[in-house]
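Geometric and topological summary
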Amino acid sequence: KNDNEYNISLSRSKLNDFLLGEAERAGASIKFGHRLVNVKLPADSESPTQLEFTMGGGGTCLTACFGPVIGSDGAGSALRRAVPAFEASSDILAAGYKEVLLPAHCSQTLDQFGLHIWPRGDHFLMGLANKDGSFTGTLYLANEGDLSFS
């Protein structure tokens with residue numbers, strides 16, 4: 001093992017907790033159950049960004065105006081699609097992944113310095129060590145079909 005080489009695994013739930021906590025500390029009001037459906041970018045740097053949401057599963061709309069807006073909701077982000085400078089394309093993959101925590105007391109036999117991959121045909125499980133001795137297990141599996149996340 002070369003001590004200058006290592007894997008870093010970032011807990012998605014810890015990242016979400018961090019982002020939510022920092023937003024609240026900055027004075028943001030956190031709302032769940034809203035879906036961003038439209039973005040109107042400002043015509044100039046003095047105008048706010050206008051965001052339109054549907055609330056719950058229905059058609060009730062809420063429009064809000066903001067100064068700087070930061071999107072952290074992934075590649076399928078409605079905010080990302082609304083920004084003209086982001087002329088990026090994205091393809092929806094036929095497979096997805098789910099992460100599970102393997103606590104330290106359950107993963108004592110795994111090498112902390114290794115990347116662990118257990119392939120099984122067209123899907124696999126990967127394990128990455130965390131600093132506390134636990135592992136993040138990532139299951140890669142088809143989105144649809146007999147053996148899938150559906």
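1. Concerning the pairing of strand β2 (residues 49–55)
Across six bridges, the pairing between strand β1 (residues 34–40) and β2 is antiparallel. For Lys-40, the partnering residue across the bridge sits in β2 and is Gln-50. By the bridge criterion, six bridges tie β2 to strand β3 (residues 61–66) in an arrangement that is antiparallel. The residue bridging Leu-51 from the neighbouring strand is Ala-64, located in β3. The turn linking β2 back onto β3 is made up of five residues, and Gly-56 within it adopts a positive phi angle of 65 degrees.

2. Considering the sheet that holds strand β5 (residues 116–120)
The four strands lie next to each other as β4-β7-β6-β5, forming an open sheet whose pairing is antiparallel. If you trace the sheet from one side to the other, it starts and ends with β4 (95–102) and β5, each paired once. Averaged over all neighbouring strand pairs, the angle between strand axes comes to 15 degrees, with direction disregarded.

3. A few points about the packing of aromatic side chains
Taken as a whole and judged by the stated rule, the model has two aromatic pairs. Between Tyr-97 and Tyr-140, the aromatic rings sit 5.8 Å apart at their centres with planes inclined by 40 degrees, giving tilted as the arrangement. Taken together, the residues Tyr-97 in strand β4 and Tyr-140 in strand β7 (residues 135–142) connect sequence positions 43 residues apart. The exposure class of Tyr-97 is partly exposed, given its relative accessible area of 36%. Here the aromatic rings of Phe-124 and Tyr-140 are separated by 4.5 Å at their centres, their planes lie at 20 degrees, and the arrangement is stacked. Note that Phe-124 is positioned in strand β6 (residues 123–129) and Tyr-140 in strand β7, a separation of 16 residues in sequence. Residue Phe-124 is classed as partly exposed on the basis of its relative accessible area, which comes to 28%.

4. Focus: the confidence of the model for the chain
Overall, the predicted model of the chain reaches an average pLDDT of 83, with 91% of residues at or above 70. The element-level mean pLDDT for the chain is lowest in helix α2 (residues 78–82), coming to 78, with β5 highest at 93.

5. Some remarks on the nonpolar core
With six residues, the main nonpolar core is built from Leu-36, Val-39, Leu-51, Phe-53, Ala-78 and Leu-79. In contact with Ala-78, other than residues within four places in its own chain, are Leu-36, Val-39 and Asp-73.

6. Quick look at a nonpolar patch on the surface
A contiguous nonpolar surface patch, about 260 Å² in accessible area, is contributed by Leu-15, Phe-18 and Leu-19. Mapped onto the elements, Phe-18 comes out in helix α1 (residues 12–25).

7. A look at the layout of surface pockets
In this structure, the largest pocket encloses a volume near 1500 Å³. Lining the largest pocket are 34 residues; nearest its centre among them are Lys-31, Phe-53, Ile-70, Ser-72 and Asp-73. Within the residue set of the lining of the largest pocket, elements represented by two or more residues are α1, β1, β2, β3 and α2. With six residues, the single largest contributor to the lining of the largest pocket is α1. Class assignment for the residues of the lining of the largest pocket results in 20 nonpolar, nine polar and five charged.

Quick notes on the rules
Residues numbered from 1 in each chain as written. Predicted model: local features only at pLDDT ≥ 70, side-chain atom pairs only at ≥ 80, totals over all residues. Heavy atoms only, no water. Pairing = 2+ DSSP bridges. Helix = DSSP H or I, 4+ residues; strand = E, 2+ residues; numbered from the N terminus. Axes fitted to C-alpha atoms, helices over the stretch in contact; angles between N-to-C directions. Phe/Tyr/Trp six-rings, centres within 6.5 Å; stacked < 30°, edge-to-face > 60°. Buried < 20%, exposed > 50% of the residue type's maximum accessible area, 1.4 Å probe, protein only. pLDDT = per-residue confidence, 0-100. Core = buried A, V, L, I, M, F, W, Y, C linked by side-chain atoms within 4.5 Å. Contact = heavy atoms within 4.5 Å. Patch = residues over 30% accessible without salt bridge, like charges linked within 9 Å, V, L, I, M, F, W, Y side chains within 5 Å. Areas by Shrake-Rupley, 256 points an atom, 1.4 Å probe, with all protein chains shown as cover. Salt bridge = Lys/Arg side-chain N within 4 Å of Asp/Glu carboxyl O. 1 Å grid on protein atoms, 1.4 Å probe; cavity = no way out; pocket = protein on both sides within 12 Å on 5 of 7 lines; lining within 4 Å. Points joined across faces, edges and corners; volume = space filled by probe spheres on them. Nonpolar A, V, L, I, M, F, W, Y, C, P; charged D, E, K, R; others polar.

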